[in-house]
Amino acid sequence: MHRSILNYITMISILHISLSCTSVKLLEGYKQNLRSDNIETRREAAENICGMGEKAKEATNDLVEALRDNDPIVRRYAIEALGNIKPNMTIDFNNKFILVLNDPDLYVRRAAVAAAGKLNTYPGSIITRLQKRLGDSDQLIRELSISTFERIGPYGIRALQRALQDSVAEMRKTAADVLGRLGPVAQRVREDLVLLQQNDENSDVREAAGKALETIPEGPVELSAEDQTAAGMPSA
C-alpha cells in the first residue's frame, strides 16, 4: 500500500482515538456536574449529556438518578438523554421512569412519553402509566402516547382493553382508535369493541369502535407465537 495512504489511515486512527478520549473526559465532567448544588450547572450538564446521544451510555445511572432532581429542566433533559441511550430496563430505572410519566411538569411528561416510545422493553407498570397518558389534558402527550402504543403493538393490548372501560369518553375513543390501527393483533378485544359500538353512550366512541372493527377480523388470525403471547391470546 502506498506510504501516503498508510500515513492517512494512521492519522485518522489517531484522530479517532483522540476524539474518543476527549468525549470520555467531557462526559465524566458532565456526570460530576449533575451532582452540583448549582442549578444552572446541573441544567447545563444534563443538556450536554443529552446532546451526546448514544455516546453518553456510561452516564445511564447518573441520568436515572437525575430523574429525581427537584428542577424540571434537569429532569426533562435527563429523560430525553435516556431515550437516546435506550438503556436496559432495571428496577431502579423502571420505578423512576414511572414517576416522570406522572410528573406534574407538562414538558417533563411530554419528554417521558416521547422517550417511552424509544425503549427496548416495556414492563407492565410502564404500559399502565402510558395508558393513563392517553387521557392526558395535553393533546401532544395524547398523540405521543398513541404513537408509542402503535410502536409496541401487541404488548399494549391489555392496557388498551382496560382503557375501553374508562369513565372518560375521550379515553375510550382513543383506545378504540389505536386498536383499530393495530388490526388483527387486537383480535382478543374484538368482543369488547362490539359491545362498545352497540352500547356506549357517546356517539364518537361508538363510531370509533365501529371503525376499529373493520380492521379486526372475526375468524382466526395467523400471528407469531411472540405476538400471541404479548397480546394475551392463546397459542395455537
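See the structure printed just above.
Residues numbered from 1 in each chain as written. Predicted model: local features only at pLDDT ≥ 70, side-chain atom pairs only at ≥ 80, totals over all residues. Heavy atoms only, no water.

Chemist: Looking at this structure, I do not really get the overall build of the protein. What am I missing?
Modeler: Of the regular secondary structure elements, the protein holds 13 helices and zero strands. Its helices and strands taken in sequence order, the protein reads α-α-α-α-α-α-α-α-α-α-α-α-α from the N to the C terminus. In the structure as shown, the protein presents an accessible area of about 12800 Å², 50% of it carried by carbon and sulfur atoms. (Helix = DSSP H or I, 4+ residues; strand = E, 2+ residues; numbered from the N terminus. Areas by Shrake-Rupley, 256 points an atom, 1.4 Å probe, with all protein chains shown as cover.)

Chemist: Before we go on, may I ask you to explain the pattern of salt bridges in this structure?
Modeler: Pairing is possible between side chains of opposite charge, provided their charged atoms come close. Counted under the stated rule, the structure contains 18 salt bridges. Here E54 and K86 are joined by a salt bridge, their closest N and O atoms 3.9 Å apart. One end of the pair, E54, is in the loop between α2 (39-51) and α3 (60-66); the other, K86, is in the loop between α4 (72-85) and α5 (91-101), and 32 residues separate them in sequence. Owing to a relative accessible area of 28%, K86 belongs among the partly exposed residues under this scheme. Here E80 makes a salt bridge to R76, at a shortest N to O gap of 3.8 Å. With E80 and R76 both in helix α4 and four residues apart, the pair spans about one turn of that helix. (Salt bridge = Lys/Arg side-chain N within 4 Å of Asp/Glu carboxyl O. Buried < 20%, exposed > 50% of the residue type's maximum accessible area, 1.4 Å probe, protein only.)

Chemist: Would you mind going over the packing of α2 against α4 with me for this structure?
Modeler: Pairs of packed helices are described in terms of their axes, by the angle between the two and the distance that separates them. Contact geometry of α2 with α4 gives a least axis separation of 8 Å together with a crossing angle of 15°. Taken together, the axis directions place α2 and α4 in an arrangement best described as roughly parallel. Crossing of α2 over α4 shows left-handed handedness. Across from R42, R43, A46, E47, I49 and C50 in α2, the residues of α4 making contact are I73, V74, Y77, E80, A81 and N84. (Axes fitted to C-alpha atoms, helices over the stretch in contact; angles between N-to-C directions. Parallel < 35°, antiparallel > 145°, perpendicular 65-115°, else oblique. Left-handed = near helix turned anticlockwise from the far one by under 90°. Contact = heavy atoms within 4.5 Å.)

Chemist: Mind showing me how you'd approach the nonpolar core here?
Modeler: One recurring pattern in soluble globular proteins: nonpolar side chains tend to sit buried together. With 65 residues, the main nonpolar core has I49, L63, I79, F97, F149 and L193 as its most contacted residues. Here this core takes seven residues from α4, the largest share from any one element. The contacts of F97, once residues within four sequence positions are left out, are L67, I79, A112, A115, A116, L119 and I126. (Core = buried A, V, L, I, M, F, W, Y, C linked by side-chain atoms within 4.5 Å.)

Chemist: What is the right way to look at the side chain of D138 in this model?
Modeler: Here D138 is to be found in the loop between α7 (124-133) and α8 (139-152). Using a relative accessible area of 11% as the deciding quantity, one classes D138 as buried. Other than its neighbours up to four places away in sequence, D138 contacts L106 and R110.

Chemist: Explain the packing of aromatic side chains here, please?
Modeler: Each aromatic ring pair is described using two quantities: the centre-to-centre distance and the angle formed by the ring planes. This model, assessed by the stated rule, comprises one aromatic pair. For the pair F93 and F97, a centre-to-centre distance of 5.5 Å together with 80° between the ring planes defines the contact as edge-to-face. With a gap of four residues between them, F93 and F97 both fall in helix α5, about one helical turn apart. Assigned by exposure class, F93 and F97 land together as buried. Positioned over the ring face of Y77 is R76, at 5.0 Å from the centre of the ring. (Phe/Tyr/Trp six-rings, centres within 6.5 Å; stacked < 30°, edge-to-face > 60°. Lys NZ or Arg CZ within 6 Å of the ring centre and 35° of its normal.)

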